[in-house]
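# Working through the structure, step by step
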Amino acid sequence: MKKRRRASNNKKVTYLLLALAVILLLGSAVGSTRAALTYQSQNYEAEIIVSQIGVTLLENGEEVSRRDYNQTEWEEETNVKESPKKGALLTKMIPEGKKLVLNKDYKEELAVTNSGTIDEYVRVRIYRSWKDKDGKKETTLSPDLIRLNLVNTDKWIERENHSKECIELYYKGILPSGKTSELFADKIRIDGSIAEAVEVREEVKDGKKTGVITMVYKYDGVQFFVDVDVDAVQTHNAKDAIMSSWGVDASNVDGKGNSIL
């Protein structure tokens, strides 16, 4: 994580970006799964203050990753002890010995805790995508097939006109220090219509078609990705700070006149 700081006498804003990447592998039979949470390199820019700001991502009531600014340095903690840069999501999504079932809802309750010492405004960005076994983006499968059920939409305002890959949510009102937000998601599933994404191939032998037809499912061996970015802005000069950090009008974040102030 790179840091760049500058001091200002007119406006004091602290901005934090917490990047969380989740990778879930699907086998050819949509079988065993794995998940890995990794930090992505991002730029951090702040106008210096002595107060502390911080956020923690919760999954099913447990801390997945925490990042707090304390006096002069960042304090980080994840649920993967062997690496300060990695945590894990969805590790308990599939019971041991079981396989992923299409159209089945799995518990995935996500929320944010203000783990700093000052009140803050919070934004969450959820990215969904598919990649093939070689790590290349699979554009023939829609991100909408990754169904993360959003809840408490009166407290988490969804920004309009976002891309299919990114859902942008803003917490309505101030999240006080030490408090946990309402859930912004509670379930996840893979839409069963993914099984309809089939490629028909005819066998060719010695340059001639043999008439043997093979049906290949496009989800065979693909990975689905859910990346969650959480960032916070302090409440001092909030409207200007939100516009500067997030590029949105705090009084109209969704284009429908809904305010988060």
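Values in this document were obtained by computation on a predicted structure and should not be read as measured data.

Scoring rules and cut-offs
- Residues numbered from 1 in each chain as written.
- Predicted model: local features only at pLDDT ≥ 70, side-chain atom pairs only at ≥ 80, totals over all residues.
- Heavy atoms only, no water.
- Helix = DSSP H or I, 4+ residues; strand = E, 2+ residues; numbered from the N terminus.
- Contact = heavy atoms within 4.5 Å.
- Salt bridge = Lys/Arg side-chain N within 4 Å of Asp/Glu carboxyl O.
- Buried < 20%, exposed > 50% of the residue type's maximum accessible area, 1.4 Å probe, protein only.
- pLDDT = per-residue confidence, 0-100.

## Things to note about the environment of Ala185
On the secondary structure map, Ala185 appears in strand S14 (residues 185-190). Along the sequence, Ala185 and Glu59 sit 126 residues apart, while their C-alpha atoms lie 9.6 Å from each other. Residues within four places of Ala185 in sequence aside, it is in contact with Glu108, Glu109, Leu110, Leu148, Asn149, Leu150 and Val151.

## Things to note about the pattern of salt bridges
By the definition in use, this model includes 16 salt bridges. Two residues, Glu62 and Lys92, come together in a salt bridge whose shortest N-O distance is 3.8 Å. One end of the pair, Glu62, is in strand S6 (residues 62-70); the other, Lys92, is in the loop between strand S8 (86-87) and strand S9 (106-113), with 30 residues separating them in the sequence. With a relative accessible area of 48%, Glu62 lands in the partly exposed category. Arg159 is the partner of Glu168 in a salt bridge, and the nearest nitrogen-oxygen pair spans 3.1 Å. When its relative accessible area of 9% is taken as the criterion, Glu168 is described as buried. If you follow the salt bridges from partner to partner, you end up with Asp105, Arg147, Lys187, Arg189 and Asp191 in one network.

## Description of the environment of Gly173
Tracing the chain through its elements places Gly173 in the loop between strand S13 (166-171) and S14. Sequence separation between Gly173 and Ser259 is 86 residues, and the spatial gap between their C-alpha atoms is 8.4 Å. Excluding residues within four positions of it along the chain, Gly173 makes contact with Tyr121 and Ile260.

## Digging into the confidence of the model for the protein
For the protein, the mean per-residue pLDDT works out to 75, and 71% of the residues sit at or above 70. Per-element mean pLDDT across the protein ranges from 35 in strand S3 (residues 37-38) up to 96 in strand S12 (residues 156-158). Below a pLDDT of 50 lies the segment residues 1-50, which in the model reaches 163 contacts outside its immediate sequence neighbourhood of four places, other chains included.

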